[in-house]
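# Notes for the structure review
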Amino acid sequence: MRVFSFAHLSVLALAINLAACGDSEPTTSAAAVTPAPAAATLATTKAADAQAITREQVISHYADIAHATFADAHSTAQALQVAVNAFVAAPSAETQQAAKDAWLAARVPYMQSEVFRFGNALVDEWEGQVNAWPLDEGLIDYVAGDYQYALGNDGAIANIIASQSIQVGEEKIDVSELTAELLAGLNELGGSEANVATGYHAVEFLLWGQDLNGTQPGAGERSYTDYLTDENCTGGNCERRGQYLKVVTDLLVDDLAEMTAQWASGNPDNYRTELLADSAEKGLRKAFFGMGSLSLGELAGERMKVALEASSTEDEHDCFSDNTHNSHFYNAKGVRNVYLGEYKKVDGSVLTGPSIAQLVQAADSNADQLLQAQFAATEKSLQVMVDAAENGMAFDQMIDPENTDGQQIVRDSIAALVKQTTAIEQAALALGITELNPDTADHTF
């Protein structure tokens, strides 16, 4: 979780500057399991169809997509919960891999949901317990001797799993009983955002362990023996480690159920009802702000530029599993989903309905065509990243300062996202939404 300011900058100038770093795009093949290659350019929406819908219908469908996406995130987290329970009950290389596979599958819908975080304060406030990063993993479990952590963060070496109590500053906390309430309360312990005790990345660390390979090939290599409860236990505290993993996975499922319910229809007291009771113009501003802010400040800035400029594997999003390329791909897919009013569910069905694209096409077909072209360009750039990772060059290898080809892949993706944000602002203007000011997270590019 990051704290952002809302300073605005000329994204067009940024795009031009980034594009100058290089615009070559290698031919890619389809990734074997994760993101498929970009589809053919979608046909332009017919103006007659656009004129038949209202802004209110578009925002109602925006809420439908949010609900469907969070519902998929919840159901895949439930599948992860089943796999984690099976792994802890009978630790083996096979049950550990099944839990890892379930975690990877759960990231697909969740990353598409993050576009709803920006502009919808309820989601942004909730997100910290679910997907906060980067984390100082020494708060949770054992780490390597040369472990790097945030300076001044006493919690970074607390090792909850090995402790009955932890001391942070003047505060001594009893951690003898691992509960969801306790662990959620330890997030941002001592005021440090790097103290993350729950969420997807806590589960990721407990399944993969630290990635000690730096910018070289390889992800975390935690052994299943860290969960054995007999004399073959490695790492110490194996039973308690299993308890911790189960508690944080259960909490993740509960948190996602809570957010799914906030977007469900038929509840007079949830967020969906509040959103739809407000003006459609405010709803559209929230949707556009979410698309622009995830594209620019978060994905291009926090999740790519920071890691690239510092060659920092600690700032890689899915750093323990080396799944970062897929998380980036599906973040961008979520932005496109909101504009097109469509979402492919995990069961393979596609939810469609009145879309922002239809409204923009009716108001300014050029703005719609430009934005759809930029979506295609972004997906193409990120597919290059996915293909490179699937062929042995993970994101943490791309940011190696000696890897000029890898760095160019990341730069091209950033440049595409910056141009995409400019096109999002132009589409918003077509609907009378001025001064969108998507979040830059204080980045210059």
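Residues numbered from 1 in each chain as written. Predicted model: local features only at pLDDT ≥ 70, side-chain atom pairs only at ≥ 80, totals over all residues. Heavy atoms only, no water.

## What about the packing of helix 10 (residues 280-310) against helix 11 (residues 324-340)?
- Running from amino to carboxyl end, helix 10 crosses helix 11 at an angle of 165°, the nearest separation of the two axes being 9 Å. Taken as axis vectors, helix 10 and helix 11 run roughly antiparallel relative to one another. Crossing angle aside, the handedness with which helix 10 passes helix 11 is left-handed. Contacts from A287, M291, L294, S295, L299, R303 and M304 in helix 10 reach H328, N331, A332, V335, V338 and Y339 in helix 11.
- Here the contact of helix 10 with helix 11 is composed, by residue class, of nine nonpolar, three polar and one charged. (Axes fitted to C-alpha atoms, helices over the stretch in contact; angles between N-to-C directions. Helix = DSSP H or I, 4+ residues; strand = E, 2+ residues; numbered from the N terminus. Parallel < 35°, antiparallel > 145°, perpendicular 65-115°, else oblique. Left-handed = near helix turned anticlockwise from the far one by under 90°. Contact = heavy atoms within 4.5 Å. Nonpolar A, V, L, I, M, F, W, Y, C, P; charged D, E, K, R; others polar.)

## As for the state of the cysteines
- Applying the stated criterion across every chain, the model contains one disulfide.
- At a sulfur-sulfur separation of 2.1 Å, the disulfide partner of C233 is C238. Measuring handedness by torsion sign, the sulfur bridge of C233 and C238 sits at about 90° and is right-handed.
- With a relative accessible area of 27%, C233 lands in the partly exposed category.
- Assessed through its relative accessible area of 4%, C238 is described here as buried. (Disulfide = S-S within 2.5 Å. Buried < 20%, exposed > 50% of the residue type's maximum accessible area, 1.4 Å probe, protein only.)

## Focus on unusual backbone geometry
- In this structure, P134 follows W133 across a cis peptide bond, with omega equal to -15°.
- Along the polypeptide, P134 turns up in the loop between helix 5 (121-131) and strand 1 (165-168).
- Positive phi outside glycine occurs at N159, with the angle close to 50°.
- Relative to the helices and strands, N159 is located in the loop between helix 5 and strand 1.
- Judged by its relative accessible area of 16%, N159 falls in the buried class.
- If you check the backbone angles, E188 has positive phi at about 60° while not being a glycine.
- Structurally, E188 can be placed in the loop between helix 6 (180-185) and helix 7 (200-208).

## Describing the packing of helix 11 against helix 12 (residues 356-363)
- Interaxial distance between helix 11 and helix 12 falls to 5 Å at its minimum, and their mutual angle equals 60°. In terms of their interaxial angle, helix 11 and helix 12 are classed as oblique. Packed against helix 11, whose contacting residues are V338, Y339 and L340, the element helix 12 presents I356, A357 and V360 at the interface.
- Of the residues in the contact of helix 11 with helix 12, the class split is six nonpolar, no polar and no charged.

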